[in-house]
Amino acid sequence: MAPTRRAALGMLAAAASAPLAPSWASSPPPWHSLIPPAAAPDGSITGWRPLGGRASYRLDAGEIVGTSVEKSPNSFLCSEELFGDFILEFEVKTDPRLNTGVMIRAESKPDYRNGVVHGYQVEIDHAARRWTGGLYDEQRRLWLATPAHRPEPRPASNPATGTICGWRRWGRVFAPG
């Protein structure tokens, strides 16, 4: 069985599409969940579409669960909703054998490399370098910002054993523009 990746963007995940402004301190915009309450009748996740490789995605108890397929190209589950300025908070649990992250501002256009998904990825890194939280420009410029300069980069898994640390709550990903 292929490794399973759970990305609970539900209970703690949200994106606000209100503009970033100093007024947020006094009156924050409403959060909205990116997870639909139930799957569509055909089992798909309403408001999302898979792109790229052959991974499968499903809803399981309010969580998005993705299952990778060996020797498949990179797989993506993309929101059909477009966002202006937003803040994203989420929890994630990944398999340390996978290369993963959360894409923001990602696109797939037929006129760019035959529709390959490209854009910014907040990295979840199980490698020894521990660049979790770095910003990677998927399919274009590669690393834009690495957390290598930080005194204690965040591991995505237990550095001693390489095993999954369990659910990991992320701080906030700010995405103006």
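Scroll up to find the structure this text is about.
Note that the structure is a prediction, hence the values are computed from the model and not measured.

A separate point is the nonpolar core. In summary, soluble globular proteins display a tendency toward joint burial of nonpolar side chains. Ranked by size, the top nonpolar core spans 20 residues in total, and within it Ile 45, Ile 64, Leu 88 and Ile 104 carry the most contacts. Residue assignment for this core shows that the elements contributing at least two residues are β4 (56-60), β7 (86-89), β9 (100-107), β10 (118-124) and β14 (173-175).

What the rule picks out here adds up to two aromatic pairs. Between Tyr 136 and Trp 143, the ring centres sit 5.0 Å apart and the planes meet at 70°, which makes this aromatic pair edge-to-face. Directly above the ring of Tyr 120 sits Arg 140, whose terminal nitrogen or CZ lies 5.5 Å from the centroid.

This part takes up the pattern of salt bridges. Tallying each qualifying case throughout the model produces four salt bridges. One salt bridge connects Glu 107 with Lys 109, and the closest N-O pair in it is separated by 3.4 Å. In this structure Glu 107 comes out as partly exposed when scored by relative accessible area, which is 35%. Between Arg 140 and Asp 137 there is a salt bridge; the shortest N-O distance is 2.9 Å. Residue Asp 137 is classed as buried on the basis of its relative accessible area of 0%.

Positive phi, close to 55°, is recorded for Ala 61, a residue that is not glycine. With respect to the helices and strands, the residue Ala 61 is situated in the loop between β4 and β5 (63-67). On the basis of relative accessibility, which here comes to 70%, the residue Ala 61 falls in the exposed class. Notably, Lys 71 is not glycine yet its phi reads approximately 60°, a positive angle.

Conventions we followed
Residues numbered from 1 in each chain as written. Predicted model: local features only at pLDDT ≥ 70, side-chain atom pairs only at ≥ 80, totals over all residues. Heavy atoms only, no water. Core = buried A, V, L, I, M, F, W, Y, C linked by side-chain atoms within 4.5 Å. Buried < 20%, exposed > 50% of the residue type's maximum accessible area, 1.4 Å probe, protein only. Helix = DSSP H or I, 4+ residues; strand = E, 2+ residues; numbered from the N terminus. Phe/Tyr/Trp six-rings, centres within 6.5 Å; stacked < 30°, edge-to-face > 60°. Lys NZ or Arg CZ within 6 Å of the ring centre and 35° of its normal. Salt bridge = Lys/Arg side-chain N within 4 Å of Asp/Glu carboxyl O.

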